[in-house]
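Overview (structure and organization)
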Amino acid sequence: MQRLCVDHIVMLAAGDFRMRIARYFLTALAISVGVALVVALATVSDAARSYVEQTLYKVYPADVMLYSDTINIPQRLLDVLRKSPSIESAEGIIITTGLYNGKVVSIVGIPLKDVDYFAIDLISGRLPVSGGEAVVEESVEARPGDEITIKVYSGALGGERTLRVKVVGVMRSFLKGFIGAFRLNLVVVPLDWLQQNLDTGPFVNTVLITARNKAEVKALYATLKETFKDAQVFSQENLLETVNQVFNALNAVFSVISGAALATAAITTFAVMSITTRERLREFGLLKAIGISSRDITLSVAAEVMAIALAAGAVGVVAGFYGASFVKQILVGMGINFDVPITFRPIYAAIGLATAIVVAAVGALVPMYRVAKLRPLEILRLWQ
């Protein structure tokens, strides 16, 4: 008996599907477009978030950062911090800004002995080995061998200072692959040379601190914040939370866009299934009259909807993923820095198929309910 019911459901669904394939194709198209948009936006958002987080670990290779607006942190403080049993390393650097060829550049002075600590990714040339040499970010648009002049303006430094450096290396942009507005235009020089040219003495304005035990980072952060009230203290966790907040806001906007497309797909499904069930009312009445239950008829309609949803969902997942890759290539070709790695994840397939099923079910729910509730005589009277 159960086998007979299944046969009824499959035969009814298959017969109706063949007769109305063009209409169902349009329904599948609407669903697949909505799913493709969901998958594409999720793919791009995840890729960008992952890229920024990985870049953050490179740019900020420490658990806690102590920063001052002025260059007033004595280097002897580093020795004190390094003696703490909870601190593995403490690196002092100077971060300031200047102007080169009309663009703002970020000047970073780092100890030559610790240059590898900062994971400089060279494209060409070499790392600095003496004062007056620099590695610049590719966005600065200078080449090894070039001599560049940077103007530094700061009231704390006594007005304008001029830095003349020889470019010995070019590194990849830390945020290459994201968006141009986030270019740092880094110029990395030896710390002692920068201190001498800025006349700061043995002082820095940034200390990067790594904890021995990651479980102690929060306590270390709180202690530093309480001890150095005039300085700003940041933890890597704080910065990651900021990144997540930005992407959560972007995802909210993406959700509105995707929701509009999915609502259109649900309305299309409702319209198509309403028309289809209306056309088949006499058929449904005759089937009920010969003993086929409302359950079997409703399940046959549900089987049609699920078949459409699964096919549309699969197409939408593929189209969304490759669409995201295609859009990335277009943006890169237009000169927009968005060279983020687009990687497929199984969760995208799950999201896409689940979205297609939910949208189709929502659209077909009312028509299926009407079919289940109608009695044979009521259906036949509708056609008198």
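Note that the coordinates shown come from a computational prediction; the quantities given were computed from them, not determined experimentally.

Bringing the confidence of the model for the chain into the picture now. Any residue range with low pLDDT should be treated as having predicted coordinates unsuitable for detailed reading. Averaged over every residue, the pLDDT of the chain is 79; the share at 70 or more is 81%. For residues 176–182, every residue scores under 50 in pLDDT, and the model assigns this stretch 16 contacts once sequence neighbours within four places are set aside.

Formed by 40 residues in total, the largest nonpolar core has its most connected members in Ile150, Val207 and Ile209. Here Val207 is in contact with Val64, Met65, Leu66, Ile73, Leu78, Leu81, Ala90, Glu91 and Gly92, once residues within four sequence places are set aside.

As recorded in UniProt, the feature "transmembrane region" (unreviewed entry) lies at residues 21–44, 252–276, 297–327 and 347–366. Within residues 252–276, the helical portion is 100% and the strand portion 0%, while the C-alpha atoms at the span's ends are 36 Å from each other. Between the C-alpha atoms that bound residues 297–327 the distance is 44 Å, and the span itself is 100% helix and 0% strand.

Among the residues making up helix H5 (residues 217–227), those that are buried are Val217, Leu220, Tyr221 and Leu224. All buried residues of H5 lie within an arc of 100° about the axis, which places them on one face of the element. Along H5, the residues that are exposed and aim more than 90 degrees away from the buried face are Lys218 and Glu226. Its buried side turned inward, H5 meets strand S1 (64–67), helix H3 (76–82), strand S3 (87–100), strand S11 (206–211), strand S12 (232–235) and helix H6 (236–279).

Taken together, the side chains of Phe25, Leu26, Leu29 and Val33 define a hydrophobic patch exposed on the protein surface, amounting to about 410 Å² of accessible area. Take Leu29: it is sitting in helix H2 (residues 21–59).

Calculation rules
Residues numbered from 1 in each chain as written. Predicted model: local features only at pLDDT ≥ 70, side-chain atom pairs only at ≥ 80, totals over all residues. Heavy atoms only, no water. pLDDT = per-residue confidence, 0-100. Contact = heavy atoms within 4.5 Å. Core = buried A, V, L, I, M, F, W, Y, C linked by side-chain atoms within 4.5 Å. Buried < 20%, exposed > 50% of the residue type's maximum accessible area, 1.4 Å probe, protein only. UniProt positions renumbered as here; feature names shortened; annotations may be inferred. Helix = DSSP H or I, 4+ residues; strand = E, 2+ residues; numbered from the N terminus. Arc of directions from axis to C-beta. Patch = residues over 30% accessible without salt bridge, like charges linked within 9 Å, V, L, I, M, F, W, Y side chains within 5 Å. Areas by Shrake-Rupley, 256 points an atom, 1.4 Å probe, with all protein chains shown as cover. Salt bridge = Lys/Arg side-chain N within 4 Å of Asp/Glu carboxyl O.

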